[in-house]
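Summary of the model geometry
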Amino acid sequence: MKLIIAVVQDKDSNKLLNILTEYNFRVTKLASSGGFLKSGNTTFMIGTEDIRVQKALDIIKENCQSRKQFVTPATPLGGNVDYTTFPVEVEVGGATVFVLPVDHFEQY
Ligand code: 2BA
(Lines give C-alpha, C1' and ligand atoms only; values in the text may rest on other atoms or scores of the structure.)
Protein backbone atom coordinates (compact mmCIF):
# COMPACT_ATOMS: atom_id res chain seq x y z
CA MET A 1 0.00 0.00 0.00
CA LYS A 2 1.08 3.58 -0.67
CA LEU A 3 0.11 7.00 0.64
CA ILE A 4 -0.01 9.68 -2.04
CA ILE A 5 0.33 13.23 -0.76
CA ALA A 6 -0.50 15.79 -3.44
CA VAL A 7 -0.35 19.58 -3.01
CA VAL A 8 -2.57 21.22 -5.61
CA GLN A 9 -4.03 24.64 -6.27
CA ASP A 10 -7.39 25.44 -4.67
CA LYS A 11 -8.87 26.11 -8.11
CA ASP A 12 -8.36 22.49 -9.12
CA SER A 13 -9.30 20.86 -5.85
CA ASN A 14 -13.06 20.28 -6.18
CA LYS A 15 -12.80 18.85 -9.67
CA LEU A 16 -9.94 16.61 -8.58
CA LEU A 17 -11.83 15.40 -5.49
CA ASN A 18 -14.89 14.53 -7.59
CA ILE A 19 -12.92 12.60 -10.17
CA LEU A 20 -10.84 10.69 -7.61
CA THR A 21 -13.96 9.60 -5.73
CA GLU A 22 -15.67 8.69 -9.03
CA TYR A 23 -12.77 6.30 -9.59
CA ASN A 24 -13.29 4.89 -6.09
CA PHE A 25 -10.17 6.33 -4.49
CA ARG A 26 -10.41 7.02 -0.76
CA VAL A 27 -9.39 10.63 -0.28
CA THR A 28 -8.79 13.11 2.54
CA LYS A 29 -8.66 16.76 1.53
CA LEU A 30 -6.83 19.20 3.79
CA ALA A 31 -6.69 22.99 3.65
CA SER A 32 -3.01 23.97 3.52
CA SER A 33 -0.78 26.94 2.75
CA GLY A 34 2.39 27.19 0.72
CA GLY A 35 5.45 28.43 2.55
CA PHE A 36 6.60 30.65 -0.30
CA LEU A 37 3.40 32.36 -1.47
CA LYS A 38 1.82 32.05 2.00
CA SER A 39 -1.50 31.58 0.31
CA GLY A 40 -3.96 28.73 0.43
CA ASN A 41 -3.56 25.49 -1.42
CA THR A 42 -5.05 22.04 -0.96
CA THR A 43 -3.34 18.85 0.15
CA PHE A 44 -4.82 15.47 -0.74
CA MET A 45 -4.00 12.26 1.14
CA ILE A 46 -4.85 9.20 -0.89
CA GLY A 47 -4.23 5.75 0.55
CA THR A 48 -4.30 3.11 -2.16
CA GLU A 49 -3.01 -0.25 -3.29
CA ASP A 50 0.30 -0.20 -5.18
CA ILE A 51 -1.39 -1.32 -8.37
CA ARG A 52 -3.64 1.78 -8.41
CA VAL A 53 -0.94 4.39 -7.73
CA GLN A 54 -0.28 5.11 -11.40
CA LYS A 55 -3.99 5.65 -12.10
CA ALA A 56 -4.19 8.17 -9.25
CA LEU A 57 -1.10 9.97 -10.55
CA ASP A 58 -2.58 10.10 -14.07
CA ILE A 59 -5.81 11.61 -12.73
CA ILE A 60 -3.88 14.20 -10.71
CA LYS A 61 -1.74 15.10 -13.71
CA GLU A 62 -4.74 15.46 -16.03
CA ASN A 63 -6.76 17.61 -13.67
CA CYS A 64 -4.25 20.03 -12.17
CA GLN A 65 -2.86 22.79 -14.30
CA SER A 66 0.10 25.01 -13.60
CA ARG A 67 -0.55 28.75 -13.53
CA LYS A 68 1.55 31.86 -13.41
CA GLN A 69 1.05 33.98 -10.34
CA PHE A 70 2.42 37.35 -9.31
CA VAL A 71 3.78 37.71 -5.81
CA THR A 72 4.83 41.01 -4.24
CA PRO A 73 7.80 40.52 -1.94
CA ALA A 74 6.93 41.47 1.65
CA THR A 75 7.88 44.94 2.87
CA PRO A 76 9.27 45.34 6.38
CA LEU A 77 6.63 46.10 9.03
CA GLY A 78 6.78 49.41 10.90
CA GLY A 79 9.82 50.85 9.18
CA ASN A 80 10.02 53.47 6.45
CA VAL A 81 9.98 51.86 3.06
CA ASP A 82 12.51 53.71 0.98
CA TYR A 83 12.43 51.38 -1.99
CA THR A 84 9.76 50.11 -4.36
CA THR A 85 8.85 46.45 -4.48
CA PHE A 86 7.90 44.96 -7.80
CA PRO A 87 5.66 41.93 -8.22
CA VAL A 88 7.60 38.84 -9.22
CA GLU A 89 6.07 36.20 -11.48
CA VAL A 90 6.27 32.58 -10.30
CA GLU A 91 4.92 29.49 -12.01
CA VAL A 92 2.92 27.46 -9.49
CA GLY A 93 2.91 23.82 -10.45
CA GLY A 94 -0.12 21.78 -11.27
CA ALA A 95 0.67 19.41 -8.43
CA THR A 96 3.54 18.52 -6.10
CA VAL A 97 3.23 14.82 -5.35
CA PHE A 98 4.92 12.51 -2.85
CA VAL A 99 4.37 8.73 -2.89
CA LEU A 100 5.18 7.07 0.45
CA PRO A 101 5.19 3.41 1.42
CA VAL A 102 2.65 2.51 4.11
CA ASP A 103 4.07 0.11 6.73
CA HIS A 104 0.82 -0.60 8.42
CA PHE A 105 -2.82 0.30 7.83
CA GLU A 106 -5.74 -0.17 10.22
CA GLN A 107 -9.32 1.01 10.22
CA TYR A 108 -11.47 0.66 13.33
P1 2BA B 1 4.51 27.64 -2.21
O2 2BA B 1 5.56 27.30 -1.22
O3 2BA B 1 3.62 28.80 -1.88
O4 2BA B 1 5.24 27.90 -3.62
C5 2BA B 1 4.52 28.40 -4.73
C6 2BA B 1 5.43 28.51 -5.94
O7 2BA B 1 6.43 29.49 -5.69
C8 2BA B 1 6.21 27.22 -6.24
O9 2BA B 1 5.41 26.37 -7.07
C10 2BA B 1 7.44 27.75 -6.96
O11 2BA B 1 7.17 28.02 -8.31
C12 2BA B 1 7.68 29.09 -6.28
N13 2BA B 1 8.68 28.97 -5.22
C14 2BA B 1 8.60 28.26 -4.08
N15 2BA B 1 9.70 28.43 -3.32
C16 2BA B 1 10.49 29.27 -4.00
C17 2BA B 1 11.77 29.86 -3.76
N18 2BA B 1 12.47 29.60 -2.64
N19 2BA B 1 12.28 30.70 -4.70
C20 2BA B 1 11.60 30.98 -5.83
N21 2BA B 1 10.38 30.47 -6.13
C22 2BA B 1 9.84 29.62 -5.22
P23 2BA B 1 5.53 24.80 -6.86
O24 2BA B 1 6.96 24.37 -6.81
O25 2BA B 1 4.67 24.18 -7.92
O26 2BA B 1 4.91 24.48 -5.42
C27 2BA B 1 3.51 24.64 -5.17
C28 2BA B 1 3.23 24.36 -3.70
O29 2BA B 1 3.54 22.97 -3.44
C30 2BA B 1 4.11 25.13 -2.72
O31 2BA B 1 3.54 26.39 -2.46
C32 2BA B 1 4.11 24.23 -1.49
O33 2BA B 1 2.89 24.39 -0.77
C34 2BA B 1 4.10 22.84 -2.11
N35 2BA B 1 5.47 22.29 -2.25
C36 2BA B 1 6.29 22.42 -3.31
N37 2BA B 1 7.43 21.74 -3.12
C38 2BA B 1 7.34 21.20 -1.89
C39 2BA B 1 8.20 20.38 -1.10
N40 2BA B 1 9.42 19.98 -1.54
N41 2BA B 1 7.79 20.01 0.14
C42 2BA B 1 6.57 20.38 0.60
N43 2BA B 1 5.69 21.15 -0.11
C44 2BA B 1 6.07 21.55 -1.33
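Below: a short report on this structure. From a predicted model like this one, the values you see are computed outputs, not experimental measurements. (Residues numbered from 1 in each chain as written. Predicted model: local features only at pLDDT ≥ 70, side-chain atom pairs only at ≥ 80, totals over all residues. Heavy atoms only, no water.)

Remarks on the pattern of salt bridges
Taken as a whole and assessed by the stated rule, the structure comprises three salt bridges. When the shortest N-O distance is used, the salt bridge between aspartate 50 and lysine 2 registers 3.1 Å. In this pair, aspartate 50 is assigned in the loop between strand 3 (40-48) and helix 2 (53-63) and lysine 2 in strand 1 (residues 2-8), connecting sequence segments 48 residues apart. Residue lysine 2 is classed as partly exposed on the basis of its relative accessible area, which comes to 23%. (Salt bridge = Lys/Arg side-chain N within 4 Å of Asp/Glu carboxyl O. Helix = DSSP H or I, 4+ residues; strand = E, 2+ residues; numbered from the N terminus. Buried < 20%, exposed > 50% of the residue type's maximum accessible area, 1.4 Å probe, protein only.)

Some thoughts on the site of the ligand
Close to the ligand lie Val7, Gly34, Gly35, Phe36, Leu37, Asn41, Glu91, Val92, Gly93, Thr96 and Phe98, which account for all nearby residues. Taking leucine 37, its main chain carries an N or O atom lying 2.8 Å from an oxygen atom of the ligand. Within the backbone of glycine 93, a nitrogen or oxygen atom sits 2.6 Å from an oxygen atom of the ligand. Taking 750 Å² as the accessible area of the ligand by itself, protein coverage stands at 51%. Only strand 5 (88-92) and strand 6 (95-101) provide two or more residues apiece to the shell around the ligand. By residue class, the composition of the shell around the ligand is five nonpolar, five polar and one charged. (Near = heavy atom within 4 Å. Polar contact = N/O pair within 3.5 Å; in protein donor to acceptor, adjacent residues only side chain to side chain. Areas by Shrake-Rupley, 256 points an atom, 1.4 Å probe, with all protein chains shown as cover. Nonpolar A, V, L, I, M, F, W, Y, C, P; charged D, E, K, R; others polar.)

Here's the deal with the side chain of threonine 43
Relative to the assigned elements, threonine 43 resides in strand 3. The residues touching threonine 43, leaving out its near neighbours within four places in the chain, are Ile5, Ala6, Val7, Thr28, Lys29, Leu30 and Ser32. (Contact = heavy atoms within 4.5 Å.)

Notes on the sheet that holds strand 2 (residues 26-33)
Within a sheet, each strand pairs with its neighbour through backbone hydrogen bonds, oriented either parallel or antiparallel. As summarised here, the arrangement of the four strands in space is 2-3-1-6, forming an open sheet in which the pairing is antiparallel. The open sheet has two free edges, formed respectively by strand 2 and strand 6, since each of these has just one partner strand. For this sheet the average axis-to-axis angle between neighbouring strands, irrespective of direction, equals 20°. The pairing of strand 1 with strand 6 spans seven bridges and is classified as antiparallel. Across the sheet, the residue bridging to valine 7 is threonine 96, located in strand 6. Running at roughly 20° to strand 3, helix 1 (residues 10-22) makes contact with strand 1, strand 2 and strand 3 of the sheet. Strands strand 1, strand 3 and strand 6 of the sheet are contacted by helix 2, whose axis makes an angle of about 5° with strand 1. (Pairing = 2+ DSSP bridges. Axes fitted to C-alpha atoms, helices over the stretch in contact; angles between N-to-C directions.)

What to know about helix 2
Regarding helix 2, the residues found buried are Val53, Ala56, Ile59, Ile60 and Asn63. Taken around the axis of helix 2, the buried residues stretch over an arc of 130°, which confines them to a single face. What points out from helix 2, more than 90 degrees from its buried face, is the exposed set Lys61 and Glu62. Of the surrounding secondary structure, the elements contacted by the buried residues of helix 2 are strand 1, helix 1, strand 3 and strand 6. (Arc of directions from axis to C-beta.)

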